[in-house]
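The residues making up each chain are set out below.
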Amino acid sequence: MGLDGIVPAGVLTGENVIKLFEYCKKNGHALPAFNCTSTSTINAVLQAARDVNSPVIIQFSNGGAAFLAGKGIKNTNEKASILGSIAGAQHVRLMAKHYGVPVVLHSDHCAKKLLPWFDGMLEANEEYFKTNGEPLFSSHMLDLSEEFDEENIATCAKYFKRMAAVNLWLEMEIGITGGEEDGVDNTGVKAESLYTKPEQVYNVHKALSPISPMFSIAAAFGNVHGVYKAGNVVLSPHLLKGHQEFAREQLKCEEEKPLFLVMHGGSGSSAAEIGEAVNNGVIKMNIDTDTQWAYWDGLRGFYKKNEGYLQGQIGNPDGADKPNKKYYDPRVWVRAAEESMIKRALESFENLNGRNVCGDTWPKA
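In short, a report on the structure. Bear in mind that the values here come from a model prediction, so they are computed numbers and not experimental data. (Residues numbered from 1 in each chain as written. Predicted model: local features only at pLDDT ≥ 70, side-chain atom pairs only at ≥ 80, totals over all residues. Heavy atoms only, no water.)

## Here we look at the overall build of the protein chain
In step 1: When helices and strands are tallied, the protein chain shows 12 helices and 13 strands.
In step 2: Taken over the C-alpha trace, the protein chain has a radius of gyration of 21 Å; the compact-globule value for 365 residues is 21 Å, and the two agree within 12%.
In step 3: C-alpha extents for the protein chain along the principal axes are approximately 80 × 50 × 50 Å.
In step 4: Looking at the protein chain as a whole, 55% of its 365 residues are labelled buried.
In step 5: Counting contacts in the protein chain only where the partners sit at least 6 residues apart, residues at least 24 apart contribute 70% of the total.
In step 6: Accessible surface computed for the protein chain: about 16,200 Å², of which carbon and sulfur atoms make up 52%.
In step 7: Here the protein chain contributes 36 positively and 44 negatively charged side chains, and the mean placements of these two sets differ by 4 Å. (Helix = DSSP H or I, 4+ residues; strand = E, 2+ residues; numbered from the N terminus. Rg over C-alpha atoms; globule rule 2.2 N^0.38 Å. Buried < 20%, exposed > 50% of the residue type's maximum accessible area, 1.4 Å probe, protein only. Contact = heavy atoms within 4.5 Å. Areas by Shrake-Rupley, 256 points an atom, 1.4 Å probe, with all protein chains shown as cover. Lys, Arg positive; Asp, Glu negative; His and termini not counted. Charge placed at Lys NZ, Arg CZ, Asp CG, Glu CD.)

## Quick notes on the nonpolar core
If you look at soluble globular proteins, the nonpolar side chains tend to sit buried side by side.
In step 1: In this structure, Ile58, Phe60, Val92 and Ile217 are the most contacted members of the largest nonpolar core, which totals 74 residues.
In step 2: Residue contacts for valine 92: discarding those within four places in its chain leaves Val11, Ile42, Ile58, Phe60, Val103 and Leu105. (Core = buried A, V, L, I, M, F, W, Y, C linked by side-chain atoms within 4.5 Å.)

## Considering unusual backbone geometry
In step 1: For asparagine 167, which is not a glycine, the phi torsion comes out positive at approximately 65 degrees.
In step 2: Summarising the element assignment, asparagine 167 is placed in the loop between helix H6 (149–164) and strand S6 (169–174).
In step 3: Classification of asparagine 167 by relative accessible area gives partly exposed; the value is 35%.
In step 4: We note that asparagine 353 has phi near 55 degrees; this positive angle belongs to a residue other than glycine.

## Topic: the pattern of salt bridges
In step 1: Taken as a whole and judged by the stated rule, the model has 15 salt bridges.
In step 2: Of the charged contacts, one joins arginine 344 and aspartate 290 as a salt bridge, the two residues approaching to 2.8 Å between their closest N and O atoms. Taken together, the residues span a long stretch of sequence, with arginine 344 in helix H12 (residues 330–351) and aspartate 290 in helix H10 (residues 289–305) at a distance of 54 residues. In terms of burial, arginine 344 and aspartate 290 fall into one category: buried.
In step 3: Across the pair glutamate 347 and arginine 344 runs a salt bridge, and its minimum N-O distance is 3.8 Å. You can see glutamate 347 and its partner arginine 344 sitting in helix H12, 3 residues apart, about one turn around the helix.
In step 4: Judged by its relative accessible area of 16%, arginine 344 is buried. (Salt bridge = Lys/Arg side-chain N within 4 Å of Asp/Glu carboxyl O.)

## A closer look at the environment of glutamate 147
In step 1: By the secondary structure assignment, glutamate 147 is in the loop between strand S5 (139–142) and H6.
In step 2: Between the C-alpha atoms of glutamate 147 and asparagine 27, which are 120 residues apart in sequence, the distance is 35 Å.

## What to know about H12
In step 1: With 22 residues, H12 should cover 32 Å at 1.5 Å per step; its first-to-last C-alpha distance of 32 Å lies within 8% of that length.
In step 2: Burial in H12 covers these residues: Ala336, Ala337, Glu338, Ser340, Met341, Ile342, Arg344, Ala345, Ser348 and Phe349.
In step 3: Along its buried surface, H12 packs onto strand S2 (31–35), helix H2 (39–52), strand S3 (56–60), strand S11 (282–287) and H10.
In step 4: After H12 finishes, the residue asparagine 353 shows a positive phi value of roughly 55 degrees. (Expected span 1.5 Å × (residues − 1).)

## As for the pairing of strand S9 (residues 215–219)
In step 1: In terms of burial, S9 is largely enclosed, as 5 of its 5 residues are buried.
In step 2: Residues Phe215, Ile217 and Ala219 point to one face of S9 and Ser216 and Ala218 to the other, with burial holding for every one of them.
In step 3: The pairing of S6 with S9 spans 5 bridges and is parallel. Note on S9: the bridge partner recorded for glutamate 171 is serine 216. (Pairing = 2+ DSSP bridges.)

Dropping the structure here:
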């Protein structure tokens with residue numbers, strides 16, 4: 001078992017994305033999708049994937065992409081978010097093949113008000129396709145779950161036709177993920193909106209499948225963005241099995257899990273809940289809050305350990321004239337943050353049955 005001979009190392013697009021997700025669904029794996037905001041966090045994720053010998057999803061949120069472009073660029077008409085997404089994608093493309101793992105390059109939630117960002121990324125994909133025969137990214141997400149289902153699905157179908165022409169995967173959301181993330185606040189939505197019905201999911205499949213098979217559905221089953229104590233949110237991953245069964249009945253197909261499903265808002269979820277979701281066809285789970293904390297915690301730990309050497313350029317517990325450059329050099333404390341993030345990322349691979357997915361015969365970088 002393994003991915004050797006199925007997909008290559010580096011950024012995957014088109015048929016290779018389908019092959020990867022089919023392999024994951026068939027063999028009970030899901031891929032962690034890590035939100036990245038810098039080349040530092042990108043590199044940490046790539047190293048974690050290499051260390052665990054598994055494919056990974058690297059994704060940019062609208063705000064994360066704008067930050068990656070630099071706070072000195074105004075985000076008028078989503079300019080910074082577009083530039084940051086493209087810059088991040090170019091970095092991932094250059095480095096992924098050298099880390100030696102398959103990578104799905106993705107953009108995260110795009111609400112209706114952020115569609116100019118989506119348009120900018122699509123234009124970049126189309127330009128890249130003209131020269132390289134494949135898109136710059138692997139996939140993008142449209143999140144129009146705040147709109148009525150009819151508008152949500154119709155808008156996704158319209159964009160999906162354009163995406164299919166350049167072999168892009170689409171992730172869409174039906175039903176609402178609660179909580180707040182990246183400026184989108186769903187803390188006040190009604191509880192029933194956090195649980196998508198099988199009929200809603202199948203309506204998405206009916207609209208998108210005639211266009212291309214390259215799509216996944218983020219169906220809500222009580223998910224909430226952000227961090228929360230266990231028990232504060234009622235996750236119902238068994239509902240995902242119901243979505244698969246309903247779709248199977250409607251399609252009259254033999255495949256046990258005909259849908260590609262996605263899990264959002266997983267912070268604080270139990271291993272059992274995550275495992276059940278994966279068993280029911282989830283092939284991707286978003287990770288952001290926990291790795292944000294891990295990155296900061298690495299920096300915090302470095303400061304506490306070396307506090308006496310970080311109070312000035314000269315002078316420390318070893319002597320009043322001793323230099324401290326090797327402690328305040330950004331390469332040192334940024335690396336401490338990366339190492340902490342890598343450690344937490346490895347937990348996500350483990351929770352998703354994502355360790356050694358590439359297999360023992362996968363070529364080592």
